[in-house]
Every structure is written in C-alpha cells, then in structure tokens.
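What follows is each chain in one-letter form.
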Amino acid sequence: MTPRLRAGLFVLSAQVVLASVEASAAEPAPKPFVVKVHTALVSGTPVASEAWLASQWDSVRSLLGPAGLAFEPSLAPAPKQPIPRSLETRADRDLLRAFAVPKVLNVFVVEALRDVDEPERQRMGVHWRAGGIHYVIVATYAVPGGAPCPPQYRCSEHSGLLTHELGHFFGLGHDPRADNVMSYSRAGRALWFSEPQKSR
Ligand SMILES: [Zn+2]
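What you are looking at is a predicted structure, and each value in this text was computed from that prediction instead of being measured.

A look at the coordination of the zinc ion
- Within the protein, the zinc ion binds to His 164 (NE2), His 168 (NE2) and His 174 (NE2); these donor distances fall in the range 2.0 to 2.1 Å.
- Mapped onto the polypeptide sequence, the residues donating to the zinc ion form the spacing pattern H-x3-H-x5-H. You can see His 164 and its partner His 168 sitting in helix α4 (residues 161-169), 4 residues apart, about one turn around the helix.
- For His 164, a relative accessible area of 7% corresponds to the buried category.

Dropping the structure here:
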C-alpha cells in the first residue's frame, strides 16, 4: 500500500468514526446532568422558595433544553455545618467546595453574594472555581429584613439567573446583546441564546 493510499484510508476511517459519533449525539434523550442544589437556611427557612427554584429550572429547561442539555436537580443532603447565608469574600466562596457532592453539578443558593472585585457591589450569581472543581452560586436577596436586592437587578423577576450561570459553567462568556441569556443588558423581551452559543 502506498503511503498516500494508507493516509487516505486513515482519513476515511476517521470520517466513519466521526459520523457514528454524530449519529449517537443526535439521539433524542440526552443523558441528564445530575445536579445537587445546596440551599442556605435563615432561621431554618431556605433562602429560596420552592417556587423560586422551580422558575429557575423552568428557564434552564426551556433555554438549554434546545441545546441538547438535560438536568436532573435534587436537593443535596443536609450538611453537618450550615451553608453560609451571605458570601463576602473569595475565601467564603472557596469554602463551599467542602459541601460539594463529587462528580455532579453543584448549585449553591445563598441569600447574598458580594462582588469580590468591586466590594461596594452585590452580585446575583457567579461561576466559581476552587481546588480543581467548579460550581455555580446564585443569590436570592429574598430574606425579609435581610440584604436588599442590588439596585441594578429586579431579583424576584430574575428567572434567567441560574441559566446564565450554567452558561458560564458550560464555557460561555458574556454577550453584549440585550436579552441574550449571557448579557447584563435587559430590555424586557424573552431571553434567548444564539445558535453559536447553543452549539457550544
Ligand atoms: Zn455572567
């Protein structure tokens, strides 16, 4: 066999392998990501209501489902130490690593989350890396008398928050276009992902 013919056969067999990978990827039921949700408590009450969590997951399913992603969320086992209700520093965010369940997607829900780069600001969520793992943190600002909703957000209406942070988890950066899930700019229309974002 000439080297050229051998190279041609190699390319052909690689294409067959790729085609079979694509065929299996096109099957309808994607394997869901197992998600453990860790919710901080204030006086024994979760900082996120069931309705708040349900609206976040509705948004995740409607926006990430068409991209072929499925999720199987459930509550994490009750921790021995309480999850901090308010995260002020990088070290606070790092500490959550101790609560993370191995080999699943961990989502932490807290009352308040300070911006560690601009400490005068509060944030709604972050995708955080610590000690070789990464996880998502979202804040609700829903505790009566607790930390108020940051002025730049409408916290109770922010149903795309978890979807945005999961976008970061899966490698998406910010997008400047209004109402894109990965944008900070909101014009009040339905949230959307672009086709290139969906195919990532
Ligand atoms: Zn972001």
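Structural notes on the nonpolar core
- Grouped together as the largest cluster of nonpolar side chains are 46 residues, with contacts concentrated most on Val 109, Ile 137 and Leu 166.
- Going through the elements one at a time, β1 (33-39), α2 (50-64), β6 (105-110), β7 (112-114), β9 (125-130), β10 (133-139) and α4 are the ones with two or more residues in this core.
- Looking at this core element by element, the count peaks at 6 residues for α2.
- Setting aside its immediate chain neighbours within four residues, Leu 166 contacts Trp 57, Val 60, Leu 64, Phe 71, Leu 105 and Val 136.

Some points on the sheet that holds β9
- In space, the 5 strands of this open sheet follow the order β4-β1-β6-β10-β9, with mixed pairing throughout. Unpaired on one side and paired on the other, β4 (71-75) and β9 mark the two borders of the sheet. Geometrically, the sheet is characterised by an average inter-axis angle of 25 degrees between neighbouring strands, direction not taken into account.
- Docked against the sheet, α2 engages β1, β4, β6 and β10, running at close to 165 degrees with respect to β4.
- Contacts from α4 reach β4, β6, β9 and β10, with the element oriented near 165 degrees to β10.

Let's talk about the pattern of salt bridges
- This structure, assessed with the given rule, holds 8 salt bridges.
- Among the salt bridges present, the one from Glu 157 reaches Arg 154, with a minimum N-O distance of 3.7 Å.
- With a relative accessible area of 54%, Glu 157 lands in the exposed category.
- Of the charged contacts in the structure, one is a salt bridge between Glu 195 and Lys 198, with a shortest N-O distance of 3.1 Å.

What to know about the state of the cysteines
- Across all of its chains, the model carries 1 disulfide by this definition.
- Between the sulfur of Cys 149 and that of Cys 155 lies a disulfide, 2.0 Å long from S to S. What sets the handedness of the Cys 149 and Cys 155 disulfide is the S-S torsion sign, and at about 90 degrees it is right-handed.
- Taking the relative accessible area as the measure of exposure, Cys 149 reaches 29% and is therefore partly exposed.
- On the accessibility criterion, Cys 155 (6% relative accessible area) is buried.

Definitions and limits used
Residues numbered from 1 in each chain as written. Predicted model: local features only at pLDDT ≥ 70, side-chain atom pairs only at ≥ 80, totals over all residues. Heavy atoms only, no water. Donors = N, O, S within 2.8 Å, 3.2 Å for Na, K, Ca; no water. Helix = DSSP H or I, 4+ residues; strand = E, 2+ residues; numbered from the N terminus. Buried < 20%, exposed > 50% of the residue type's maximum accessible area, 1.4 Å probe, protein only. Core = buried A, V, L, I, M, F, W, Y, C linked by side-chain atoms within 4.5 Å. Contact = heavy atoms within 4.5 Å. Pairing = 2+ DSSP bridges. Axes fitted to C-alpha atoms, helices over the stretch in contact; angles between N-to-C directions. Salt bridge = Lys/Arg side-chain N within 4 Å of Asp/Glu carboxyl O. Disulfide = S-S within 2.5 Å.

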